[in-house]
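Given next are the chains, with one letter for each unit.
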Amino acid sequence: MTPATRSETSAKDFASDQDVRWCPGCGDYAILKGVQKTLADVGASTENTVFVSGIGCAARFPYYMSTYGFHTIHGRAPALATGLKLANPDLDVWVVTGDGDALSIGGNHTLHVLRRNVDLQILLFNNEIYGLTKGQASPTSRRGTVTPSTPRGSFSNPVHPASFAIGAGARFVARGIDINLKLLTEVLKAAHEHRGASFVEIFQNCIVFNDGCFSEFTDKAHAGSMQLVVENGKPLRFGPDGNRGLRFNPRSWKLETVDVGPDGVAVEDLVVHDETNRALALLLAELQPPDAPMALGVLYRDPAESYHEAMLAGVPAAGASLSDLLRTGKTWTVEG
Amino acid sequence: MSRSQLPQTTPGSNGGPRTGRQVRDSVVVRFAGDSGDGMQTAGAQFGIEAALSGRDISTFPDYPAEIRAPAGTTYGVSAFQVHFGSQDVKTAGDELDVLVALNPAALKVNLGDLGLGGTIVVDRGAFTDRNLKKAGYETSPLEDNSLAPYVLISLDITALTLRAVEPFELSQKDAIRCRNMWALGLALWMFDGDKDATIEWVANKFSGQGGVADANVAAINAGNAFGETAEMPSIAAGWTVDPANLDQGLYRTVSGTEALAWGLTSGLAASGLERMIFASYPITPASNLLHALAKLRSHGVVTFQAEDEIAAACAAIGASYGGALGVTSSSGPGVALKGEAIGLAVGTELPLIVVNSQRAGPSTGMPTKTEQADLFQALYGRNSDAPVAVLAPATPTDCFEVGREAVRIATTFMTPVFVLTDAYLSSAAEPWRIPDVDALPDFPVTFRTDPDGYHPFIRDPDTLARPWVRPGTPGLEHRIGGIERDAETGNISYDPENHDRMTRTRAERIERIAQFIPAQTVDAGSESGALAVVGWGSTYGAISKAVERCRADGLAVSHVHLRWLSPFPHNLAELLGGFDRLIVPEVNAGQLVHVLRARLGLRADGLNRVTGRPFRIREIESVIRAALEEES
Ligand code: SF4
């Protein structure tokens, strides 16, 4: 991110004049609102902000923003954004992508943009399905998912975006949910504040092709018991009254869900979240309902030098005479 | 040299003590050995010495695709060819006058290129049973009389080298590695060459490596002295090649790769842009451009080795979108991968330079061998109607001018520009009169900053280019992308008529470039007549020499060489229409000839050879002569 200050802006100032064309009820609407609110809250400027996207439902995002925007080609937004950031490091660049875009056709670029630590906010709208092409299985679809392209159920194991990002060397990995605006804006602000690549997986409901695929932890009825919003320095505790928690089992090397309280374990025995602990982040990212809660919030944050800082250090603006350069090495004079 | 001229013998007429030297206009020498034998080094140094002594030169390395193939095998042979002369040297030479072969495999692979009566220098010490077998020889060619048509100088270079470097107590391996310098020393003697620059270079290169530098110098001196002290068989008294009549000025040698790197960088400076982002993925033979540009950070060049070809193209497009000069480079297979991204740059109308160092294909083909077969790919290799500008340098030095021109056109017209170089051009080198770069014209870019009346696809009435806006500019926030854009607002549009209009506008914008480039001229010969040979790219040298020879014999033939392949210069149809017959030599199965027929409605005949090597002068010359005989 790049700090930019401006006189008061509101979320509305970040909306373009184009009609939003997602299906009614699509989770993308809520995310759009969350992003616009975040930009207003952090005092971003429209001129200094760029949204870059690939292809898919999520990728229409830039058209709905009043900032600069580039809707590119399938899977390649991270690569394009890398070039943009090298050309113009003062820009605040956001990449909006989906599960197919980022992890199937663009998986390679997602890997490399993260390991290079390019200073971008990368928002992956995970709906576990291909929406724009009408409902085929995606790389995050669970095994057995029946779609027109997988009539006998998908035989591929899903990739977990947050685990992938941590494995790729991301220094900031967080999770949010489309319908939880408060959590989403908190996570987006943290991502914006982070220097380097910030990877945010957002669980997004595709009402048309995969409705309710996250309901076991997003439905109001289960949210309390199935969502663990992590906070740095705080015990990993969840449940209606904080009556559940995570304890590290050194024999299985896993986080196990335990009851907290007089009949269960003491709070002191729970794992305390340390957002700079990469091993812990991976354990959190791997937790899957219904056996465990879904870990949300900032799972991992450990800043390091970002790519453009290293790449551009000491590069002056062009324009120096090439005269000396062309005379390096052996030269000789031919007399007339 | 022309084969029709018989070598003369002069009795020490050039004032030196050496007698019996033949005087020649030009000579072609090839150094060949195993890929670990240092042939590239020996050849390159030989070329530099020839150039420093005032000869015109053209050099060409020929190295195997394998990095270190098993020693002694034919597929591990590496060679470096030097053509130098007292006249305009325009190609690396049709056939060899001298072949230096440091092992049997090198002899086997290269003998076919040696002219009858040519000279072979071999290291007899390397013609062991084992090496002969590895090279596939049943009997030793040094003994079975099979080399009778040539002048054979058989020397135990291995033993002579070991003796020369003995005082420096190198390991056996390091000592043997000095063979290339011994052979170089001998070759320099054979051609009356100086060795000072080479000795200076060796001292620099191996400084701090103890005896290695001294041993290499000793090897050069020993090889040189071997010739000098008349230990050479009398038949090989050496050759004298007079200096060439080059224009006055300061010179250096330059390869096509270096010239292109510097041309792009000079173009960057001329454009006034702050930065070039050069994004590419390693591929033979294009990687050298990445290496050359990686050294130019102090000139605002940032090189990005991307994760793949697609990412390289996309990063370059992102850079251009951000207001820098985006350049990507590859060879045919990589350019194929970049196709969709280049289409994005066509649709969003962003400057982008795509360098294709063409190599023999399809698919992996022959990665180190040259070809001109990606013209169709550059012109048409994308989905839908996606016109781009295409230009091709003719010679290594021409790459400089073409690099600048690519920057000018990409930034003026907001378009992708292809530069079609090839494996030959990128590694071939020749002398270059260093231009006064500071006096070359600028073509400054103006970014739009005025919000009044702005939308991203309003156009300059002359160039039809849309305005270039750097993100970060207040009041000009806009969205662009791969979806078709409305001509009147720049917003996304699925309107049928708008798509038709935008498709035509994209094509018209490329055609407009023809108003901003020089008219096509005739390189040699008259502006109309019985026959023109029409070429593009690296066939320049061979066509030019072939036409020159035919014209010297009074034949009416002209040479027209195209730098611009899209758009064609505005007068091209008219100019070519003035000839009764057109012959189009290409190192492909017939691409430009097809386009000339299809786009300009001209009758033209192809001359096509696809051997992975440049044309020979005489291949073109004989076709010209035959064509003119048919006429008469
Ligand atoms: S298909 Fe699904 S993801 Fe796409 S817009 Fe409709 S609801 Fe949203």
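Residues numbered from 1 in each chain as written. Chains lettered and ligands numbered in written order. Predicted model: local features only at pLDDT ≥ 70, side-chain atom pairs only at ≥ 80, totals over all residues.

Visitor: Would you mind showing me how to read the overall build of chain A here?
Guide: Scanning chain A for helices and strands turns up 11 helices and 12 strands. Here chain A has a C-alpha radius of gyration of 22 Å; the compact-globule value for 336 residues is 20 Å, and the two agree. By its C-alpha atoms, chain A is 100 × 50 × 45 Å across when sized along the principal axes. With 336 residues in all, chain A has 52% of them scored as buried. Long-range contacts, defined here as pairs at least 24 residues apart, represent 67% of the contacts in chain A between residues at least 6 apart. (Helix = DSSP H or I, 4+ residues; strand = E, 2+ residues; numbered from the N terminus. Rg over C-alpha atoms; globule rule 2.2 N^0.38 Å. Buried ≥ 20, exposed ≤ 12 C-beta atoms within 10 Å, placed from the backbone. Contact = placed C-beta atoms within 7 Å.)

Visitor: Explanation requested: the sheet that holds strand β9 (residues 244-249) of chain A in the structure shown.
Guide: Strand-to-strand pairing in sheets goes through backbone hydrogen bonds, with the strands running parallel or antiparallel. Residues and elements named next belong to chain A. Read across the open sheet, the 3 strands follow the order β8-β9-β10; overall the sheet is antiparallel. Both outer strands of the open sheet, β8 (237-238) and β10 (254-259), are each paired with one neighbouring strand and no more. Sheet analysis places β8 next to β9, joined by 2 bridges and oriented antiparallel. Of the residues in β9, the one forming a bridge with R237 is G245. (Pairing = 2+ DSSP bridges.)

Visitor: When you look at the pairing of strand β7 (residues 114-123) of chain B in this model, what are you seeing that I'm missing?
Guide: Residue and element names in this part refer to chain B. In terms of strand pairing, strand β6 (residues 96-101) meets β7 through 5 bridges, oriented parallel. Paired with V100 across the two strands is V121, which belongs to β7. Note on the crossover from β7 through helix α3 (residues 129-134) to strand β8 (residues 151-155): the handedness is right-handed. (Right-handed = clockwise from strand over helix to strand, strands pointing away.)

Visitor: Sorry if this is basic, but what is going on with the domain arrangement of chain B here?
Guide: Note: interface size is frequently given as the accessible area lost on complex formation between the parts. Residue and element names in this part refer to chain B. Taken domain by domain, chain B consists of domain 1 (8-241), domain 2 (252-439) and domain 3 (529-631). If you average the C-alpha positions of domain 1 and of domain 2, the two centres end up 35 Å apart. On the domain 2 side, the residues contacting the 13 residues of domain 1 number 9 residues. Only α1 (39-52) and β4 (56-62) provide two or more residues apiece to the side of domain 1 that touches domain 2. Sort the elements by how many residues they give to the side of domain 1 that touches domain 2 and β4 lands first, with 6 residues. When grouped by side-chain class, the residues that make up the side of domain 1 that touches domain 2 number 9 nonpolar, 3 polar and 1 charged. (Domains from an automatic or database assignment. Nonpolar A, V, L, I, M, F, W, Y, C, P; charged D, E, K, R; others polar.)

Visitor: Would you mind showing me how to read the nonpolar core here?
Guide: One recurring pattern in soluble globular proteins: nonpolar side chains tend to sit buried together. Counting 219 residues, the largest nonpolar core has V173(A), L299(A), M276(B), I277(B), A315(B) and I317(B) as its most contacted members. It is helix α11 (residues 309-321) of chain B that contributes the most residues to this core, 10 residues altogether. Both domains that furnish three or more residues to this core are identified here as domain 2 (252-439) and domain 3 (529-631) of chain B. Non-local contacts of L299(A), meaning those with residues more than four positions away in its chain, are made with A162(A), V173(A), A174(A), R175(A), V230(A), A281(A), L284(A) and A285(A). Residues V28(B), F127(B), W189(B) and V202(B) belong to the second largest nonpolar core, which totals 66 residues. (Core = buried A, V, L, I, M, F, W, Y, C linked by C-beta atoms within 7 Å.)

Visitor: Which parts of the structure should I look at to understand helix α6 (residues 181-193) of chain A?
Guide: At 3.6 residues per turn, the α-helix brings residues three or four places apart onto the same side. Residues and elements named next belong to chain A. Here α6 is 13 residues long and its end C-alpha atoms lie 18 Å apart, about the 18 Å a rise of 1.5 Å per residue gives. Residues of α6 that are buried: L184, T185, E186, V187, L188, A191 and H192. Packed against the buried residues of α6 are α1 (27-42), β4 (121-126), β5 (172-177), β6 (198-203) and β11 (294-301). (Expected span 1.5 Å × (residues − 1).)

Visitor: It is not clear to me how the packing of helix α7 (residues 196-205) of chain B against helix α8 (residues 211-228) of chain B should be interpreted in this structure. Could you clarify?
Guide: Two measures define how a pair of helices packs: the angle their axes make with one another and the distance between the axes. All names here are of chain B. Look at α7 against α8: their axes get within 8 Å of each other, and the N-to-C directions meet at 160°. Classified by the interaxial angle, the pair formed by α7 and α8 is roughly antiparallel. Judged by the twist between their axes, the crossing of α7 over α8 is right-handed. Listed contacts from α8 to T198, I199, V202 and A203 of α7 are A213, N216, V217 and I220. Looking at the contact of α7 with α8, its residues break down into 6 nonpolar, 2 polar and no charged. (Axes fitted to C-alpha atoms, helices over the stretch in contact; angles between N-to-C directions. Parallel < 35°, antiparallel > 145°, perpendicular 65-115°, else oblique. Left-handed = near helix turned anticlockwise from the far one by under 90°.)

Visitor: Looking at this model, I keep getting lost on the environment of A313(A). Mind explaining?
Guide: For A313(A), the location among the structural elements is in the loop between α10 (307-312) and α11 (323-326). Sequence separation of A313(A) and P78(A) is 235 residues, and the distance between their C-alpha atoms is 22 Å.

Visitor: Quick question: what am I supposed to make of the site of the ligand here?
Guide: The full set of residues close to the ligand is W22(A), C23(A), C26(A), D28(A), C57(A), N127(A), G131(A), C206(A), I207(A), V208(A) and F209(A). For the shell around the ligand, the residue count by class is 8 nonpolar, 2 polar and 1 charged. (Near = placed C-beta within 6 Å.)

Visitor: Would you explain helix α9 (residues 278-286) of chain A in this entry?
Guide: When we look at burial in α9(A), the residues that qualify are L280(A), A281(A), L283(A), L284(A) and A285(A). Buried-residue contacts for α9(A) involve α5 (161-168), β5, β10 and β11 of chain A.

Visitor: Could you clarify how one ought to interpret the interface of chain A and chain B in this entry?
Guide: Contacts between the two partners involve 53 residues from chain A and, on the opposite side, 64 residues from chain B. Those elements that place two or more of their residues in the side of chain A that touches chain B are β2 (68-71), α2 (77-87), α4 (107-116), α10, α11 and β12 (331-334) of chain A. Tallying contributions element by element places α2(A) first for the side of chain A that touches chain B, with 8 residues. Residues of the side of chain A that touches chain B, tallied by class, amount to 25 nonpolar, 22 polar and 6 charged. Strand direction decides the pairing type here: β12(A) and strand β10 (residues 249-255) of chain B, joined by 4 bridges, are antiparallel. Note on β10(B): the bridge partner recorded for T331(A) is R252(B).

Visitor: Please explain unusual backbone geometry as it appears in this structure.
Guide: The general pattern is negative phi for most residues beyond glycine and trans for most peptide bonds. A cis amide bond links P289(A) with the next residue in sequence, P290(A), at an omega value of 5°. Looking at where P290(A) falls in the secondary structure, it is placed in the loop between α9 and β11. Residues S566(B) and P567(B) are joined by a peptide bond in cis, for which omega reads -10°. Among the secondary structure elements, P567(B) is positioned in the loop between β21 (564-566) and α18 (572-577). The backbone of N145(B) sits at a positive phi, close to 75°, despite the residue not being glycine. Position of N145(B) relative to the elements: it lies in the loop between α3 and β8. Phi is positive for S363(B), which is not a glycine, with a value near 55°.

Visitor: It is not clear to me how the sheet that holds strand β23 (residues 605-608) of chain B should be interpreted in this structure. Could you clarify?
Guide: Residues and elements named next belong to chain B. Read across the sheet, 4 strands follow the order β20-β19-β22-β23 without closing on themselves; strand pairing throughout is parallel. On the outer flanks of this sheet lie β20 (557-562) and β23, each paired with one strand and no other. Here the average twist between neighbouring strands, direction ignored, is 25°. Across the face of the sheet, helix α17 (residues 540-552) comes into contact with β19 (529-536), β20 and β22 (579-586) while running at roughly 165° to β20. Contacts from helix α19 (residues 592-600) reach β19, β22 and β23, with the element oriented near 145° to β22.

Visitor: Just checking my understanding: could you explain the environment of L111(A) for this structure?
Guide: If you trace the backbone, L111(A) turns up in helix α4. With 20 C-beta atoms packed within 10 Å, L111(A) lands in the buried category.

Visitor: In this structure, what is going on with the confidence of the model for chain A? I would like to understand it.
Guide: Segments scoring low in pLDDT should not have their predicted coordinates read at a detailed level. The predicted model of chain A has a mean per-residue pLDDT of 95, with 98% of residues at 70 or higher. Confidence drops under a pLDDT of 50 for residues 1-5 of chain A, and excluding neighbours within four residues, the segment shows 16 contacts in the predicted structure. (pLDDT = per-residue confidence, 0-100.)

Visitor: Help me understand the pairing of strand β3 (residues 26-34) of chain B in this model?
Guide: Regular strands place side chains that alternate from one sheet face to the opposite one. All names here are of chain B. In terms of residue burial, β3 counts as a mostly covered element, since 9 of its 9 residues are buried. Bridging between β3 and β6 involves 4 bridges; their strand directions are parallel. Residue pairing in the sheet places R30 in a bridge with L99 of β6.

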